[in-house]
Amino acid sequence: MKLFNSYIKTFKGLSREAWMLSIVMLINRSGSMVLPFLGVYMTDHLKFSLENAGLVLSFYGIGSVLGSWLGGFLTDKFGEYYVQSWSLFLSAPIFLIIPFFPSVEMMAFLIFLQSTISDTFRPANSVAITKYARPENLTKAFSLNRMAINLGFSIGPALGGILSGISYDFLFVVNATGALTAGIIYVIFFRKRNKIFQDKKKSEPLKVMEKRIAKSPYRDYLFLLYSFLCTVFAICFFQFFNTIPLFYKDVAKLHQSTIGFILGYSGFIIVLLEMPLVSIAERTLKTSQILFLGILLCGFSYLLMAFGSNIPLLIIAMTILCIGEIWALPFMSTVTAIRAERGNKGAYMGLNGIAFSFSFIITPFLGTYVVSQFGFDTLWYGSFSVLTLSAILLYIVVKKMIPMQ
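Conventions we followed
Residues numbered from 1 in each chain as written. Predicted model: local features only at pLDDT ≥ 70, side-chain atom pairs only at ≥ 80, totals over all residues. Heavy atoms only, no water. Helix = DSSP H or I, 4+ residues; strand = E, 2+ residues; numbered from the N terminus. Buried < 20%, exposed > 50% of the residue type's maximum accessible area, 1.4 Å probe, protein only. Contact = heavy atoms within 4.5 Å. Areas by Shrake-Rupley, 256 points an atom, 1.4 Å probe, with all protein chains shown as cover. Core = buried A, V, L, I, M, F, W, Y, C linked by side-chain atoms within 4.5 Å. Expected span 1.5 Å × (residues − 1). Polar contact = N/O pair within 3.5 Å; in protein donor to acceptor, adjacent residues only side chain to side chain. Axes fitted to C-alpha atoms, helices over the stretch in contact; angles between N-to-C directions. Parallel < 35°, antiparallel > 145°, perpendicular 65-115°, else oblique. Left-handed = near helix turned anticlockwise from the far one by under 90°. Nonpolar A, V, L, I, M, F, W, Y, C, P; charged D, E, K, R; others polar. pLDDT = per-residue confidence, 0-100. Salt bridge = Lys/Arg side-chain N within 4 Å of Asp/Glu carboxyl O.

### A look at the overall build of the protein chain
Here is step 1: Each helix and strand in the protein chain was counted, giving 18 helices and zero strands.
Here is step 2: Looking at the 405 residues of the protein chain, the share that counts as buried comes to 58%.
Here is step 3: Put simply, of all contacts in the protein chain between residues at least 6 apart along the chain, 87% involve residues at least 24 apart.
Here is step 4: Summing over all exposed atoms, the protein chain offers an accessible surface of approximately 17,300 Å²; the carbon and sulfur share of this is 70%.

### Regarding the nonpolar core
If you look at soluble globular proteins, the nonpolar side chains tend to sit buried side by side.
Here is step 1: Judged by nonpolar contacts, the single largest core of 90 residues is most densely connected at Met-42, Met-107, Tyr-226, Phe-233, Tyr-248, Met-332 and Trp-380.
Here is step 2: When residues in this core are grouped by element, the largest group, nine residues, is from helix α18 (residues 376-401).
Here is step 3: With sequence-adjacent residues up to four places away left out, Phe-233 is seen in contact with Ile-295, Cys-298, Ala-328, Leu-329, Met-332, Phe-356, Leu-387 and Ser-390.

### Overview of unusual backbone geometry
Here is step 1: Phi is positive for Lys-47, which is not a glycine, with a value near 65°.
Here is step 2: In this fold, Lys-47 is placed in the loop between α3 (34-45) and α4 (50-78).
Here is step 3: The backbone phi angle of Lys-253 is positive, close to 60°, even though this residue is not glycine.
Here is step 4: Its location among the elements puts Lys-253 in the loop between α12 (243-250) and α13 (256-284).
Here is step 5: Residue Lys-253 is classed as exposed on the basis of its relative accessible area, which comes to 65%.

### As for the environment of Leu-224
Here is step 1: Tracing the backbone through its elements, the reader meets Leu-224 in helix α11 (residues 221-237).
Here is step 2: Note: C-alpha distance between Leu-224 and Ala-355 (131 residues apart in sequence) is 9.1 Å.
Here is step 3: Apart from the residues lying within four places of it in its own chain, the contact partners of Leu-224 are Pro-217, Tyr-218 and Leu-351.

### As for helix α15 (residues 311-326)
Here is step 1: In this model α15 runs 22 Å from its N-terminal to its C-terminal C-alpha over 16 residues, within 8% of the 22 Å that 1.5 Å per residue would give.
Here is step 2: Along α15, the residues classified as buried are Leu-313, Leu-314, Ala-317, Met-318, Ile-320, Leu-321, Cys-322, Gly-324, Glu-325 and Ile-326.
Here is step 3: N-cap assignment for α15: the residue whose side-chain oxygen lies 3.0 Å from the backbone N of Leu-313 is Asn-310.

### Some details on the packing of helix α14 (residues 287-304) against α15
Here is step 1: One way to put it is that α14 packs onto α15 with a least axis distance of 7 Å and a crossing angle of 165°. By the angle between their axes, α14 is roughly antiparallel relative to α15. Pair α14 / α15 crosses with left-handed handedness. Between α14, through Gly-294, Leu-297, Cys-298, Phe-300, Ser-301, Tyr-302 and Leu-304, and α15, the contact on the second element is made entirely by Leu-313, Ile-316, Ala-317, Ile-320, Leu-321, Ile-323, Gly-324 and Glu-325.
Here is step 2: Taken together, the residues of the contact of α14 with α15 break down into 11 nonpolar, three polar and one charged.

### Concerning the confidence of the model for the protein chain
Here is step 1: Looking at the protein chain, pLDDT values average 82 and 87% of them are 70 or higher.
Here is step 2: When mean pLDDT is taken per element in the protein chain, α14 scores highest with 95 and helix α10 (residues 207-213) scores lowest with 46.

### Quick look at the pattern of salt bridges
Here is step 1: In this structure the tally under the stated criterion is four salt bridges.
Here is step 2: Glu-80 is paired through a salt bridge with Lys-131; the nearest N and O atoms lie 2.8 Å apart. Residue Glu-80 is found in helix α5 (residues 80-97), and its partner Lys-131 is found in helix α7 (residues 121-132); the two are separated by 51 residues along the sequence. Like Glu-80, the residue Lys-131 is buried in the burial classification.
Here is step 3: The partner of Asp-220 in a salt bridge is Arg-339, and the shortest N-O contact between them spans 2.9 Å. Taken together, the residues Asp-220 in the loop between α10 and α11 and Arg-339 in helix α16 (residues 329-339) connect sequence positions 119 residues apart.

### Considering the side chain of Ser-64
Here is step 1: Relative to the helices and strands, Ser-64 resides in helix α4.
Here is step 2: With relative accessibility at 0%, the residue Ser-64 sits in the buried group.
Here is step 3: Contacts of Ser-64, omitting those with residues within four sequence positions, involve Ser-115, Asp-119, Arg-122, Ser-357 and Phe-360.

Structure (structure tokens):
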């Protein structure tokens, strides 16, 4: 009971808007089961070669880069409410038409289009969190949002593993339904709140001046270096969506449903541990130290997979990866929010989103290439080495960006 009460206390101070943003994200992500199974869908169902599957997944990354930039630009211009609404509503029909075009070329185009539309949502959503959260609760608000993502991701892949065993077409239908439902709920809750917030903003005399003097993130060279290192981290980390499911299928010889449950387990672990671990880290460590530890743990989790493919070892590796993720991703968002100035938060969040989106271009192609040429062990050793170096460099850069953090 004492542990439960301590867990509940970590949520105190979060606004109703922050909770609703997380609920919308939960609904949307609960239907998100296409991406984790996209590589398996193309190689197993459409009979694409490993290289062609990697090529299509890279087009997902290209769309993600474009969507992140576009989302940041449109958010600063029109506001995060409209960007999130249209992103959710427009992504739903794209999911529905993907199964009708099974060629490599059309799959690449539709995945590019879908990721462009879907990823305009991310910088807008991050700006909404900074808009409705109190400054002292910013990391907790980001963590709550990520908890929703991971709870949805624990539901999505587990259900996706079951549905893909019946028909892969179900994956796309459920994805579309999740996006549409999330969009409806978001508009109902935030329509009036957004209007009230905008009316207040119009009465602030310094708004125009602040927008004019706000620094561009593309001229913030220390932040550009930070974003580059985030890209390096993400290239290694987001093998979670690409080469790890292939490793489970081809090396560990796991069935789709088992793959889905292990990926779903990762979401469950994050939901269970994220808020307490974030709260503990905030009380005991500086942001630079938390990022260092989190990235180092991610590297160690990949190293473990070089030593075997039995299910207990895979679960241990996944658990460590989840803890590392908890101490890396929400604090990376917090660093971006702190570095941003009022009037250009969308641009900063968009650039940070682009940093991660580049990994969606590079990771599928690079990961599948390394596996096909050198094997999975080389990939795991290489990932550990790169993540260790990234942890050291990010520690140095973040200490310079926010010395008090």
